[in-house]
Structures are given as structure tokens and as C-alpha cells.
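# Observations on the model geometry
These are the residues of each chain, in order.
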Amino acid sequence: MSVELRVRPAGRHALLVEFADAEQAGAFHAEVLRRRGAGVLPPVREIVPGARTVLLDGVAERDALARQLGEWNVPLGAVADGDVVTIPVVYDGPDLAEVAELWGVSEEDVAARHASYTYRVAFCGFAPGFGYLAGLPEELHVPRRATPRTRVPAGAVAVAGGYSAVYPRATPGGWQLIGTMRDPAGLWDPSREPAALLAPGTRVRFAAAALTPRGSAPDPAPQSPAGLDMPGVGRSEGPGHGVVEP
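None of the values given here were measured: they were computed from a predicted structure.

### Brief notes about the packing of helix 3 (residues 96–103) against helix 4 (residues 107–114)
Where helix 3 meets helix 4, the closest approach of the two axes is 8 Å, and the angle between their N-to-C directions is 80 degrees. The orientation of helix 3 with respect to helix 4, classified from their angle, is roughly perpendicular. Here Leu96, Ala97, Val99, Ala100 and Trp103 of helix 3 lie close against helix 4, whose contacting residues are Glu107, Val110, Arg113 and His114.

In C-alpha cells:
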């Protein structure tokens, strides 16, 4: 089964491609990245995914590309290949017990299950470096908090709806906080290209750190590979609308 899309012009040199749901948008985004990597995508300056949209900006021949998109066969479930970013997490969040109750498991099982999936950055928004990570199965989707917090600390690992996320800096937020990334400084670095570590299409894994009592020193964070100056973050080589507000 292939995705169903609707293409709309967005100015003189852009196309907004709309989908019925996030799964179809993600599959189309992966296909766009695959074609660009293979050198068969017509010139497009910028690719901006959303929850149920993909914006193609800087298109030299807008109408011609719009006709081509209608002929693409994009299978559901398509995912982009690329690097896998591994983020170490201490599962000690203040909402861990509530999420455990919603999932019907123990707090330890929340950590184990959350860290067992490979996520994909579906799109970015809300704050610089904030990536919406798709990959939680539907039975693990949880609602936002009834009352958002006025301050969520940088490095908080959270879940809401069908997404996971890591807050790159302290902001208000209403997601369920289940853990902490040791050093979130590498999530957003304006001097780096791209500035966001968790850019759309990036695959992400969470590595559960040893569960230690609150207030005690955690185990040392995994070392970053050579040449990657991002403390507490590892990277390995690998083959919008309807947004859940943070």
C-alpha cells in the first residue's frame, strides 16, 4: 500500500505535500531523502517535514515536480537510512510512576520498553533543537499532563501522544517526564551544521543508564566516538499539523 498525498503550491517556488496521518508523511519524507541521496531528486533547496506535511522549498520547476510526485510509489513503513544517535538516559523522571500506571507495567519496565525502540525524528519545532521522535507503538501513547509545568529542565526525556522528545533547554512544557539526559548541550549548537543534533530523518536510540538512587552519582556516560565533540552522546553509522504541544 502506498501513501496518498495532496500537493498544493506554496508560493512561486515551493510545494506543500499533505497526508492523512503522520505515518504517511514520515514514509514520504524518507522517500524524498532516499531520492536526494541517490541523486534522482529534482533540485530542491530545503525539505521541511511536519506532523502531516512535507514542504519542498526552493523548487526550480514547481509544476513539473508536482506532477512527478503524483506518480511516485511510496510504500508505507519506508524509513530513511543514516546515522543512529544514541542518547544515555537516567530513567528518574517525576512522571515515571504515572506513565508506568498508564502502560500497566513497573517503573523499571518503562525504562526497558522505552529504550527498546529505534525512533525517527519526524520533524522539529517548539524550540531550537526540539525533535519529535516517532516510534512508540500505539498501545504506549499517553496524554499530555492536565496542567503543564511552567519550567521543564534541559535534558528532560519525555513522552506525549505518539512521540518521545528530549528538551534541549529549560522551557514550559506539558509532556510526561520519564528521564534525564546527562548533558543536553549537544542537542543544539549554532556553530555546527546542522545545528540540531536530532535533525528530521535521524534515527535515535535511548540507552538506559544504571538506575541509581536520586541524589547519588550516576555511572559515567558513554564516550562519544572520535571526532564527535558532543559530551554524553554517541553516534554510530547505519545503512505540520496536529502537533502535540510540548
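### A word on the nonpolar core
Counting 27 residues, the largest nonpolar core has Ile87, Leu198, Val204 and Phe206 as the members making the most contacts within it. Considering every element that reaches this core, the biggest residue donor is helix 3, with four residues. Those residues in contact with Leu198, other than ones at most four positions away along the chain, are Val85, Ile87, Val121, Cys124, Gly131, Leu133, Leu187 and Val204.

### A few points about the pairing of strand 1 (residues 5–9)
Pairing geometry for strand 1 and strand 2 (residues 14–19), over five bridges, is antiparallel. Residue Pro9 lies in a different strand from strand 2, and its bridge partner there is Leu15. Where strand 1 folds back onto strand 2 in an antiparallel hairpin, the turn is made up of four residues, including Gly11, whose phi is positive at roughly 85 degrees.

### With respect to the sheet that holds strand 1
Read from one edge of the open sheet, four strands run 1-2-4-3, paired in antiparallel fashion. Edge positions in the sheet fall to strand 1 and strand 3 (46–49), since each of these pairs with one other strand and no more. This sheet shows a mean twist of 20 degrees between the axes of neighbouring strands, independent of strand direction. Judged from the five bridges that link them, strand 2 and strand 4 (residues 53–57) form a sheet pairing that is antiparallel. Residue pairing across strands places Leu15 opposite Leu56, the latter belonging to strand 4.

### Looking at helix 3
Those residues of helix 3 that fall on the buried side of the exposure criterion are Leu96, Val99, Ala100 and Trp103. Looking straight down helix 3, one finds its buried side chains confined to an arc of 105 degrees; they lie on one side. Summarising the contacts, the buried residues of helix 3 are in contact with helix 4, strand 9 (156–160) and strand 12 (176–181).

### As for the side chain of Arg120
Structurally, the position occupied by Arg120 is in strand 6 (residues 119–124). One buried charge, Arg120, has no salt-bridge partner; the nearest side chain with opposite charge is Glu23, at 9.0 Å. For Arg120, the residues in contact, after removing those within four places along its chain, are Gly26, His29, Tyr132, Leu133, Ala134, Gly201, Thr202 and Arg203.

### Some thoughts on unusual backbone geometry
For the bond from Glu193 to Pro194, the omega torsion is -5 degrees, close enough to zero to count as cis. Tracing the backbone through its elements, the reader meets Pro194 in the loop between strand 12 and strand 13 (203–208). A positive phi angle is found at Phe126, which is not glycine, with a value near 75 degrees. Mapped onto the elements, Phe126 comes out in the loop between strand 6 and strand 7 (131–134).

### Examining the pattern of salt bridges
Taken as a whole and judged by the stated rule, the model has seven salt bridges. Where Arg34 meets Glu31, a salt bridge forms, and the shortest distance between an N and an O atom there is 2.7 Å. Of this pair, Arg34 and Glu31 both sit in helix 1 (residues 22–38), separated by three residues, roughly a single helical turn. A residue is classified by how much of its surface remains accessible, and Glu31, at 7% relative accessible area, is buried. The partner of Asp95 in a salt bridge is Arg145, with the nearest N and O atoms 3.0 Å apart.

### Describing the packing of aromatic side chains
As enumerated under the stated definition, the model contains 13 aromatic pairs in all. An angle of 75 degrees between the planes, with centres 5.4 Å apart, marks the rings of Tyr119 and Phe206 as edge-to-face. Placement of Tyr119 in strand 6 and of Phe206 in strand 13 is noted, with a sequence separation of 87 residues between them. Both residues of the pair, Tyr119 and Phe206, belong to the buried class. Between Phe126 and Phe130 the ring centres are 5.3 Å apart and the planes differ by 80 degrees, which places this aromatic pair in the edge-to-face class. With relative accessibility at 0%, the residue Phe130 sits in the buried group. Through pairs of rings, three or more aromatic residues link up here, namely Phe123, Phe126, Phe130, Tyr132, Tyr163, Tyr167 and Trp175. In this structure, Arg35 is placed above the aromatic ring of Trp72, and the distance from its NZ or CZ to the ring centre is 3.9 Å.

Definitions and limits used
Residues numbered from 1 in each chain as written. Predicted model: local features only at pLDDT ≥ 70, side-chain atom pairs only at ≥ 80, totals over all residues. Heavy atoms only, no water. Axes fitted to C-alpha atoms, helices over the stretch in contact; angles between N-to-C directions. Helix = DSSP H or I, 4+ residues; strand = E, 2+ residues; numbered from the N terminus. Parallel < 35°, antiparallel > 145°, perpendicular 65-115°, else oblique. Contact = heavy atoms within 4.5 Å. Core = buried A, V, L, I, M, F, W, Y, C linked by side-chain atoms within 4.5 Å. Buried < 20%, exposed > 50% of the residue type's maximum accessible area, 1.4 Å probe, protein only. Pairing = 2+ DSSP bridges. Arc of directions from axis to C-beta. Lys, Arg positive; Asp, Glu negative; His and termini not counted. Salt bridge = Lys/Arg side-chain N within 4 Å of Asp/Glu carboxyl O. Phe/Tyr/Trp six-rings, centres within 6.5 Å; stacked < 30°, edge-to-face > 60°. Lys NZ or Arg CZ within 6 Å of the ring centre and 35° of its normal.

None of this, on its own, says anything about what the molecule does.
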